[in-house]
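# Notes for the structure review
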Amino acid sequence: MSSRFINWFKFSSPATFYPLARKISVVSTVVAVVLIAIGLYMSFFVAPTDYKQGEGYRIIFVHVPASWMSMFIYLVMAGWAALGLVFNTRLSAMMAQALAPTGAMFAFLSLWTGSFWGKPMWGTWWVWDARITSELILLFLYLGYMALRSAIDDPRRGDRASAILLLVGVVNVPIIYYSVKWWNTLHQGSTIRMNQETTMEETMLLTMLIMTLGFWAYSIAVSMARVRAVILERERSANWVRELAEGRT
Amino acid sequence: MLEPLYWIIRRDLTIAMRRRSDVFTTLIFFVIVVSLFPLGIGPEPGTLRLIAPGIVWVGALLASMLALEQIFSADHRDGTLEQMLLTPQPVALLVAGKVLAHWLVSGVPLVIIAPLLGLQYDLSMDALQALVISLLLGTPTLSLIGAIGAALTLGLRSGGVLLALLVLPLYIPVLIFGAGAVEATVSGLGGQSHLSLLGAILVASLVLAPLATAAALRVAED
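Residues numbered from 1 in each chain as written. Chains lettered and ligands numbered in written order. Predicted model: local features only at pLDDT ≥ 70, side-chain atom pairs only at ≥ 80, totals over all residues. Heavy atoms only, no water.

The next point concerns the confidence of the model for chain A. Looking at chain A as a whole, its pLDDT mean stands at 84, while 88% of the residues score no less than 70. Contacts from residues 188–193 of chain A, a stretch scored under 50 in pLDDT, to residues over four places away or in other chains number 8 contacts. (pLDDT = per-residue confidence, 0-100. Contact = heavy atoms within 4.5 Å.)

Set out below in structure tokens:
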């Protein structure tokens, strides 16, 4: 019983996690570079031209994985926040903190590519579509989290306050999504429907899958690199960090 | 069980009545913001009637958000809040009392003045009625959700702006259904379903928000 617990919590200490994070970061950087390279090649040269949307649709291979990642990362952050509140582990909060900028970046990327896609397809940069609006609100939630995080100087209070904010946010996300969706259908007899092509060509699906996995690897690589920086900054007075710094110089 | 609730509401109301200017500041802000829009958009009655629900609701949203900081800040500064957390009563109950008192002071006046502002926008009687009912159901939710943000940003630098950043995205469902209820009444669809949803959100946040606020207060006073 006890040995199982030791295995679980061994890496919840920043000192033991720090070297592991480096390994994970290096491996997933390689994976990310390879997968995204393959994915980009396939999305530009292999995937066939869409019969309705022409070449412009190719932005979907960045747009959709970015949207998925932005939503998924928020959930992961909330999961870390809950873990941190329950077990009072410092590393959980650091992980949430390290993930936030990546999630916000993906939310922004999804909006940006979406508007680049919208311009040639719908003739407008922005539509108050339910999904676009929810994505925008998700970006606001990310920004709120990061703002709260950076406004609190005391790291312990910052951890727990931002964890509560994340949990409140995650409860609200479905409510926001459905209210926006309903608002949208009531307001405009929406002429534009995104993603009507329920049947996708196989190579397209495969390309999107590869890109998604590549974005996953990228997120892991970046957040691990960032969590290392966070650990060093937070634990700067700990002995092992001092020894590390002395060993370097 | 409910006695501390009564006392905390009574206490907060007494304090608020002795600092009446705070109440009026929120109210006047609401009136001014709502009156600014016709000046920016133009006095065309048709346009104004169309945008009235949204304008009044956004005004109410901003006004109640501005008032949020007052929920805990004074008690935090003089240490009362810390003593409240030490009492044997459940913190969530005390929080609910404080939020209710805050709503009575800052939310109810908005609800009362809203029909007058609606008249400025030439809303019909039915629409005014829907506006009052939707605000009556919606503003307590705003106070409840806002209290979480107020507790999280308690005593921080730049607390006010930060509070807006945290709370406004969470207000979106209330805004949608609140303004939607009035709009549906205007267009003849009937705002019943919107009002039911507003009520549902109110009940859910009445249960959940005080718990989150209590947790946030514990963190802030730690």
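After presenting the structure, the write-up continues.
So, on to a nonpolar patch on the surface. Taken together, the side chains of Val-171 and Ile-175 of chain A together with Val-203, Leu-206, Val-207, Leu-208 and Leu-211 of chain B make up a nonpolar region of the molecular surface, amounting to roughly 630 Å² of accessible area. The set of elements that each furnish at least two residues to the nonpolar patch consists of helix H6 (155–187) of chain A together with helix H9 (192–221) of chain B. The greatest single-element share of the nonpolar patch, amounting to 5 residues, is contributed by H9 of chain B. Along the chain, the position of Leu-208 of chain B falls in helix H9. Relative accessible area serves as the criterion here: at 48%, Leu-208 of chain B is assigned to the partly exposed category. (Patch = residues over 30% accessible without salt bridge, like charges linked within 9 Å, V, L, I, M, F, W, Y side chains within 5 Å. Areas by Shrake-Rupley, 256 points an atom, 1.4 Å probe, with all protein chains shown as cover. Salt bridge = Lys/Arg side-chain N within 4 Å of Asp/Glu carboxyl O. Helix = DSSP H or I, 4+ residues; strand = E, 2+ residues; numbered from the N terminus. Buried < 20%, exposed > 50% of the residue type's maximum accessible area, 1.4 Å probe, protein only.)

Looking now at the nonpolar core. Counting 119 residues, the largest nonpolar core has Met-77 and Leu-148 of chain A together with Phe-72 of chain B as its most contacted members. Sorting elements by how many residues they give to this core places helix H8 (residues 159–186) of chain B first, with 14 residues. Aside from chain neighbours lying at most four places away, what touches Met-77 of chain A is Ala-96, Leu-99, Ala-100, Tyr-142, Tyr-145 and Leu-166 of chain A. (Core = buried A, V, L, I, M, F, W, Y, C linked by side-chain atoms within 4.5 Å.)

Listed as interface residues are 27 residues of chain A and, on the opposing side, 26 residues of chain B. Around 2300 Å² of area is buried between chain A and chain B when both sides are counted, 76% of it from carbon and sulfur atoms. Its largest share of buried area at the contact with chain B, chain A owes to Arg-157, Ile-164 and Trp-182 of chain A, together 25% of the area lost on that side. Linking chain A with chain B are 0 salt bridges. Linking chain A to chain B there are 2 residue pairs in polar contact (both at pLDDT 80 or more). (Buried area = accessible area lost by both parts, 1.4 Å probe. Polar contact = N/O pair within 3.5 Å; in protein donor to acceptor, adjacent residues only side chain to side chain.)

Here Leu-123 of chain B is to be found in the loop between helix H6 (91–120) and helix H7 (125–152). Taking C-alpha positions, Leu-123 of chain B is 30 Å from Ser-21 of chain B, a pair spaced 102 residues apart along the chain.

Counted under the stated rule, the structure contains 8 salt bridges over all chains. When the shortest N-O distance is used, the salt bridge between Arg-149 of chain A and Asp-159 of chain A registers 2.8 Å. Pair noted here: Arg-149 of chain A is in helix H5 (residues 130–151) and Asp-159 of chain A is in helix H6, with a separation of 10 residues, a long-range link. Accessibility assignment for this pair places Arg-149 of chain A and Asp-159 of chain A in one class, buried. Between Asp-12 of chain B and Arg-11 of chain B there is a salt bridge; the shortest N-O distance is 2.7 Å.

What follows covers the side chain of Thr-26 of chain B. Residue and element names in this part refer to chain B. On the secondary structure map, Thr-26 appears in helix H2 (residues 20–41). Residue Thr-26 is classed as buried on the basis of its relative accessible area, which comes to 9%. If we ignore the near neighbours within four places in the chain, the residues touching Thr-26 are Ala-63, Ala-67 and Leu-110.

With 28 residues, helix H3 (residues 60–87) of chain A should cover 40 Å at 1.5 Å per step; its first-to-last C-alpha distance of 40 Å lies within 8% of that length. Just beyond H3 of chain A, the residue with positive phi is Asn-88 of chain A, at close to 60°. (Expected span 1.5 Å × (residues − 1).)

Next up on the list: unusual backbone geometry. Non-glycine residue Asn-88 of chain A carries a positive phi angle of around 60°. Even without a glycine there, the phi angle at Asp-122 of chain B is positive, about 60°. In this structure, Asp-122 of chain B sits in the loop between H6 and H7.

Moving on, we come to the packing of aromatic side chains. All names here are of chain A. This structure, assessed with the given rule, holds 12 aromatic pairs over all chains. Measuring from centroid to centroid gives 5.4 Å for Tyr-74 and Tyr-142, while their planes differ by 85°, and the two rings are edge-to-face. Separated by 68 residues along the polypeptide, Tyr-74 in helix H3 and Tyr-142 in helix H5 bring together distant segments of the chain. With respect to class, Tyr-74 is no different from Tyr-142; both count as buried. Residues Tyr-177 and Tyr-178 carry aromatic rings whose centres are separated by 5.3 Å and whose planes lie at 75° to one another, so their mutual orientation is edge-to-face. Given the relative accessible area of 27%, Tyr-177 is considered partly exposed. Following the ring pairs from residue to residue traces out a cluster consisting of Phe-108, Trp-112, Phe-116 and Trp-125. (Phe/Tyr/Trp six-rings, centres within 6.5 Å; stacked < 30°, edge-to-face > 60°.)

Residue and element names in this part refer to chain B. Relative to the helices and strands, Ser-143 is located in helix H7. By relative accessible area, which is 2% here, Ser-143 ends up buried. Excluding anything up to four places from it in sequence, Ser-143 contacts Leu-68, Ile-71, Val-99, His-102 and Trp-103.

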